[in-house]
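Chains, contacts and geometry: an overview
Spelled out, the chains give:
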Amino acid sequence: MNRRDVVIIGGGPAGLAAAAALKKAGIHDILIVEREKQLGGILRQCIHDGFGLTRFGETLSGPEYSQRFINEVKDLQIESITNATVIDLSNDKVVTIDTTEGLLKIQARAVILTMGCRERTRGALAIPGTRPAGIYNAGVAQSYMNLYNKMVGKNIVIMGSGDIGLIMARRLTLEGAHVSAVFEILPYPSGLPRNIEQCLNDYNIPLYLSHSVIDIKGDPRIESVVAAQVDEKQKIIPGTEKEFPCDTLILSVGLIPENELSLSAGVSLDGRTKGAIVDENFQTDVPGIFAAGNVLHVHDLVDFVSLEAEKLAEGVSRYLKEGSLPEADIPVETGSNIGHVIPQKISGTRDIQMSLRVRRPVKKCRLVISQGSHTIKSIPMPKAIPAEMIQLQLKADSFISKEPVEVRIDE
Amino acid sequence: MNSRTFTCIICPNGCEIQVSYEGDKIHEINGNKCKKGLQYVEQELTDPRRTIASSVRIKGAELPLCSVRLTKPIPKKDIFSVMEKINQADLTAPVHIGDVVIKNVCGLDSDVIVTKDMERLQ
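Because the structure is a prediction, the values reported are computed rather than measured.

Notes on the overall build of chain A
Counting secondary structure elements, chain A contains eight helices and 27 strands. Its C-alpha atoms give chain A a radius of gyration of 22 Å, within 12% of the compact-globule value 22 Å for 411 residues. Across chain A, contacts joining residues at least 24 apart in sequence account for 62% of those joining residues at least 6 apart. Accessible surface for chain A amounts to roughly 16700 Å². Of this, 50% is attributable to carbon and sulfur atoms.

What to know about the packing of helix α1 (residues 13-24) of chain A against helix α8 (residues 302-322) of chain A
All names here are of chain A. As a packed pair, α1 and α8 sit with axes 8 Å apart at the nearest point and diverge in direction by 40 degrees. Classified by the angle their axes make, α1 and α8 are oblique. Handedness of the α1/α8 crossing: right-handed. The segment α1 lies against α8, with P13, A14, A17, A18, A21 and L22 engaging V302, V305, S306, A309, E310, L312, A313, V316 and S317.

Section: unusual backbone geometry
With an omega of -5 degrees, the peptide bond running from A:I342 to A:P343 counts as cis. Across the junction of B:A93 and B:P94, the peptide omega takes the value 5 degrees, indicating a cis bond. Located in the positive-phi region is A:N149, a residue other than glycine, with phi close to 60 degrees. Along the chain, A:N149 falls in the loop between α4 (138-146) and β11 (155-159). For B:C106, which is not a glycine, the phi torsion comes out positive at approximately 50 degrees. On the secondary structure map, B:C106 appears in the loop between β9 (100-102) and β10 (112-114).

Side note on the interface of chain B and chain A
By convention, interface size is frequently given as the accessible area that disappears when the constituent parts associate. Contacts between the two partners involve 32 residues from chain B and, on the opposite side, 32 residues from chain A. Contact between chain B and chain A buries roughly 2700 Å² in total, counting both sides, with carbon and sulfur atoms accounting for 54%. There are five salt bridges connecting chain B and chain A. Taken together, the connections running from chain B to chain A amount to 13 residue pairs in polar contact (both at pLDDT 80 or more). Put simply, the parts of the chain that give the side of chain B that touches chain A at least two residues each are β5 (53-59), β6 (65-70) and α2 (79-88) of chain B. Partitioning the side of chain B that touches chain A into residue classes produces 15 nonpolar, nine polar and eight charged.

Description of the sheet that holds strand β23 (residues 352-358) of chain A
All names here are of chain A. Within the open sheet, the three strands sit side by side as β21-β23-β26. Their pairing is antiparallel. Edge positions in the open sheet fall to β21 (338-342) and β26 (390-394), since each of these has one partner strand only. With strand direction ignored, the average angle separating the axes of adjacent strands in the sheet is 25 degrees. Note that β23 and β26 share five bridges and pair antiparallel. Along β26, the bridge assignment pairs L356 with I390.

Details of the sheet that holds strand β3 (residues 25-30) of chain B
All names here are of chain B. Across the sheet, which stays open at both edges, the three strands sit in the order β1-β2-β3 with antiparallel pairing between neighbours. The open sheet has two edge strands, β1 (2-7) and β3, and neither has a second partner. Between one strand axis and the next, the sheet turns by 30 degrees as a mean value, whatever way the strands run. Sheet topology places β1 next to strand β2 (residues 16-22); six bridges connect them, and they run antiparallel. Paired with R4 across the strands is V19, a residue of β2.

Focus: the nonpolar core
Formed by 61 residues in total, the largest nonpolar core has its most connected members in A:V6, A:I9, A:L89, A:L113 and A:V316. With eight residues, α8(A) is the single largest residue contributor to this core. If we ignore the near neighbours within four places in the chain, the residues touching A:I9 are A:V33, A:V86, A:L89, A:V95, A:V111, A:I112, A:L113, A:T114, A:M115 and A:L261. If you look at the next biggest cluster of nonpolar residues, it comprises 47 residues, including A:I205, B:A61, B:I74 and B:V101.

Looking at α4(A)
Burial of α4(A) is extensive: seven of the nine residues sit out of reach of the surface. Of all the residues in α4(A), the buried ones are A:A138, A:G139, A:A141, A:Q142, A:S143, A:M145 and A:N146. The elements touched by buried residues of α4(A) are β9 (117-119), β10 (135-137), α5 (163-174) and β17 (248-251) of chain A together with β5 and β6 of chain B.

Some thoughts on the side chain of A:T114
Residues and elements named next belong to chain A. Examined against the element boundaries, T114 turns out to sit in the loop between β8 (102-113) and β9. Here I9 takes part through its backbone oxygen, which lies 2.9 Å from a polar atom of the side chain of T114. Side-chain polar atoms of T114 contact the backbone oxygen of G10, separated by 3.0 Å. The residues touching T114, leaving out its near neighbours within four places in the chain, are I8, I9, G10, A14, G15, A292 and V295.

A few points about the packing of aromatic side chains
Under the criterion given, the structure shown has nine aromatic pairs over all chains. Ring geometry for A:F56 and A:Y65: centres 5.4 Å apart, planes at 70 degrees, overall edge-to-face. The class of A:F56 is partly exposed, set by a relative accessible area of 26%. A relative accessible area of 0% means that A:Y65 is categorised as buried. Taking the centre distance of 6.2 Å and the plane angle of 90 degrees together, the rings of A:Y203 and B:F80 count as edge-to-face. Separated into two different chains, A:Y203 in the loop between α6 (193-200) and β13 (207-209) and B:F80 in helix α2 make up a pair that spans both. Its relative accessible area of 42% is what places B:F80 among the partly exposed residues.

Cut-offs and rules
Throughout this document, residue positions are counted from 1 along each chain, in the order its sequence is written. Numbering of ligands from 1 and lettering of chains from A proceed in the order in which they are written. Given that this is a predicted model, residues contribute local features only at a pLDDT of at least 70 and side-chain atom pairs are listed and counted only at 80 or more, while totals for whole chains, interfaces and linings are drawn from all residues. Excluded from the side-chain calculation are hydrogens and water; included are all heavy atoms of the structure. The way it works is that DSSP assigns letters per residue, a run of H or I at least four long becomes a helix, a run of E at least two long becomes a strand, and they are numbered from the N terminus. Only the C-alpha atoms count toward the radius of gyration. The rule for a globule is 2.2 Å times the residue count to the power 0.38. Contact definition: two residues touch when any of their heavy atoms are within 4.5 Å. Per-residue and other accessible areas were derived by the Shrake-Rupley procedure at a 1.4 Å probe size, with only the shown protein chains allowed to occlude residues. Each axis is a line fitted through C-alpha atoms, taken for helices only over the stretch in contact, and angles between the N-to-C directions span 0 to 180 degrees. By definition in this entry, angles of less than 35 degrees are roughly parallel, angles greater than 145 are roughly antiparallel, angles of 65 to 115 are roughly perpendicular, and the rest are oblique. Crossing chirality is assigned from the near helix's rotation relative to the far helix, an anticlockwise turn below a right angle marking it left-handed and a clockwise turn marking it right-handed. When two parts are put together, the accessible area they lose, computed with a 1.4 Å probe and summed over both, is reported as buried area. Here a salt bridge means any side-chain nitrogen of Lys or Arg lying within 4 Å of a carboxyl oxygen belonging to Asp or Glu. Between N or O atoms, a polar contact is any pair within 3.5 Å; within protein, one atom must be a potential hydrogen donor and the other a potential acceptor, and residues adjacent in sequence are included only when both atoms are from side chains. Three classes are used: nonpolar for Ala, Val, Leu, Ile, Met, Phe, Trp, Tyr, Cys and Pro, charged for Asp, Glu, Lys and Arg, and polar for all others, with Gly counted as polar. The criterion for strand pairing is that DSSP finds at least two bridges linking the strands in question. Each nonpolar core is a collection of buried residues, namely Ala, Val, Leu, Ile, Met, Phe, Trp, Tyr and Cys, held together in the definition by side-chain atoms within 4.5 Å. Exposure categories follow from relative accessible area, calculated using a 1.4 Å probe and restricted to protein chains: below 20% of the type maximum is buried, above 50% is exposed, and the middle band is partly exposed. The criterion for an aromatic pair is that two Phe, Tyr or Trp rings (for Trp, the six-membered ring) have centres within 6.5 Å, with stacked assigned to planes under 30 degrees apart, edge-to-face to planes over 60 apart and tilted to the rest.

This is the structure in structure tokens:
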């Protein structure tokens, strides 16, 4: 069997950034495994700009952003194989890869999970109605339009106000389609405020909050959807139903980390993030298996994916040099109005970066980190919204005991 | 005096900015975390501009489309005439990031440039 110090599963922004940072830290025996024909991941189809402000201090399109990392990986002479799908990952870090030259088995000392995420589908929402052609996930429509030159339709309705759906509303409008409505079941948008502004408001596309699609009509092609207003419990309000003619329905209803391989390796997942449970080194509960990027928790900005993967590389390189990492025996718990937090456990022996999201929007609140009755940090926030990930740094000496650390929002 | 709330689109913070103004004179501004927010509001009041990204047909590459964007924001009202020009353009591989597809598109002092390296298919 082949042996490698590090196998990186997924050559998107997280995998590429982790590879480059590892190489610079003196780890040379690295292999990136990518199932698509090229490296770069989802950014290849994200042709809009706005990437890179945090990482590079300038605004780039997705392909330009990923090319910077691809070039770096090439310049650093890091090995990668494309058209290669990892079909199994074992608990003792044997990676089985389906390549164009046949099956390849590699015993790795460390494995980095950077598989990204995929979109929730109509099936996950259980929308009633017919099952016609013309229903696409936003990312699928994006790949048809931006990579393969296939227009998905002319009269569009969008369900869900996730960022990819908003970006596609603008993209479809620029290419001559008419987007008649965006429906969001929640009373607030799921996407970033700037995307509401520059993708919907700029083109007068109406956003219906507290609305859901309750029926789909048409056969063999979609002809209309019925939407209705919902109450605070997301129950349909009778009498508010309205039919919207369309030839295409785009779904932008959330992303789910892609963790089949993590599960096959015995990695424990967090029910809130749907990604691995990790410590401050981004190590999962299987020693030597690490995770970062959208496979760990869905990010709002790719810049934070790259930065997180670069942090992960520090932990991986220490693991390889020292053989193990300090035990993370302090749990990090989510308190009031916190959707999830990364890491879920820490050792308390080193500075950490915490990433979290609130569950519902709040104004003028405090983000409080505490341990028992001791307040570690209390940060005033003018606003906090679920669409935005919040990050903060905490020093090792802020952790005074082995008691659980609690993160909460005080209003 | 008018008042209006802007969502700044310059960076992902997306600051909500409350402005009271008369014509293009700003009397009071609140909510912007940095001075770019003020510049954004001034621009929106006088001459709103956007950059756009799209794609152009390409021959001889692995995929039929190459992604492009503008180098500078253009007036909002000119977006669709620029899109028309972009849709008329075509490329032949190889192309590289930064290659100019249309110089000074519609005379707006902004270039359409390639944003993806695409090699010639052998």
